[in-house]
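Commentary on secondary and tertiary structure
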Amino acid sequence: MERYSYEVLGERFACSRWSRGCASNCNFCLLETYGAGVRKKSVEKLAAEIEHAVMKPGVRTAYFIDLEFTVLRKQVIELCAWLAAQPFRLDWCCQTRFDLISPELLVGDEARRLQADPLRRGGRQRRGTRAHKQEDHHGADRRRHAHGARRRHRVGVLLHDGFPGAQRKDMDDIYRFARKLNPTYALFHVAAPYPGTALYEQVKNDPNVRLSDGSLFPEAIEGPLDVAELKRLTRSAYVRYYARPGYVLSRLAKGELRGLWNQASLFWRFVRA
């Protein structure tokens, strides 16, 4: 396990899956690949797998790669309660949607179970960091997302560039929205029109936009902006976001020296590529 690491969490890293499927209906996602509904292991089954991973191969950090980890809130609370009672330390993260994190997961005893303030824990405390996704930069309730981000000490946000009809101003709005949220990790991606999705059909039937190429899996959606410009704007968003003095100083102030060093190394390779 010493050969596996994740720049967000650290060394001796492994992935784990609790559920398969998704309860949402994002227009860019091909849910057919996951089947209908959400199927989930029992808390006891997942707990046994975690215990084995920690005690046998020596896992110390984990990423639950479920599409929406908190879709079944009661089971999440049970799992966090189990983790908090264990003698071992496991630093972990997951991904979910803002609207699937209820107040019950962030206040009182349940907040301590979910470790909503992960960077202030010590000893044998566990920490849970969450990565969220924004499905649509036009329809998202940004005030709700901003309020949710302020309630979390450490959060990641995924933002998509290049939906049909997107213009330069839309890209700038996405970047400003990321800066307003100011998460520890911001990910900017060009939206891909995956065959079989509602987004793909929308592009095919809209005379004002087009697929970026004629391959089975087109890279992007072109309209006012072509794929080269979308890539340039996405790259620019990364550089502008992570090279801010305020961002670096805020990470230093939290004492995240090791994490910041790993991030800086990744960022330097990204800039040079």
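Residues numbered from 1 in each chain as written. Predicted model: local features only at pLDDT ≥ 70, side-chain atom pairs only at ≥ 80, totals over all residues. Heavy atoms only, no water.

Along the chain, tyrosine 6 turns up in strand S1 (residues 5–6). Put simply, tyrosine 6 and alanine 62 are 56 residues apart on the chain and 8.8 Å apart in space, counted from C-alpha to C-alpha. Among all residues touching tyrosine 6, those that are not within four sequence positions of it are Phe13 and Cys93. (Helix = DSSP H or I, 4+ residues; strand = E, 2+ residues; numbered from the N terminus. Contact = heavy atoms within 4.5 Å.)

All right, on to the confidence of the model for the protein chain then. For the protein chain, the average pLDDT comes to 79, and 81% of its residues sit at 70 or higher. When mean pLDDT is compared element by element in the protein chain, helix H1 (residues 43–55) scores highest at 96, while strand S8 (residues 127–133) scores lowest at 38. Counting contacts from residues 110–140, a segment whose pLDDT is below 50, to residues more than four positions away or on other chains yields 104 contacts. Across residues 144–153 the pLDDT falls below 50, and counting only partners more than four positions away or on other chains, this stretch makes 27 contacts in the model. (pLDDT = per-residue confidence, 0-100.)

Three or four residues apart is the spacing at which side chains of an α-helix point the same way, because the helix has 3.6 residues per turn. Taking 1.5 Å as the rise per residue, helix H2 (residues 73–84) with twelve residues should run 16 Å; its terminal C-alpha atoms sit 16 Å apart, in good agreement. Among the residues making up H2, those that are buried are Val76, Ile77, Leu79, Cys80 and Leu83. Projected onto a plane normal to the axis of H2, the buried residues spread over an arc of 165 degrees and lie on a single side. (Expected span 1.5 Å × (residues − 1). Buried < 20%, exposed > 50% of the residue type's maximum accessible area, 1.4 Å probe, protein only. Arc of directions from axis to C-beta.)

Turning our attention to helix H7 (residues 227–242). Taking 1.5 Å per residue, 16 residues should reach 22 Å; H7 reaches 23 Å between its end C-alpha atoms and fits that length. Within H7, burial applies to Val227, Leu230, Leu233, Thr234, Ala237, Tyr238, Tyr241 and Tyr242. Viewed along the axis of H7, the buried residues span an arc of 145 degrees, placing them on a single side of the element.

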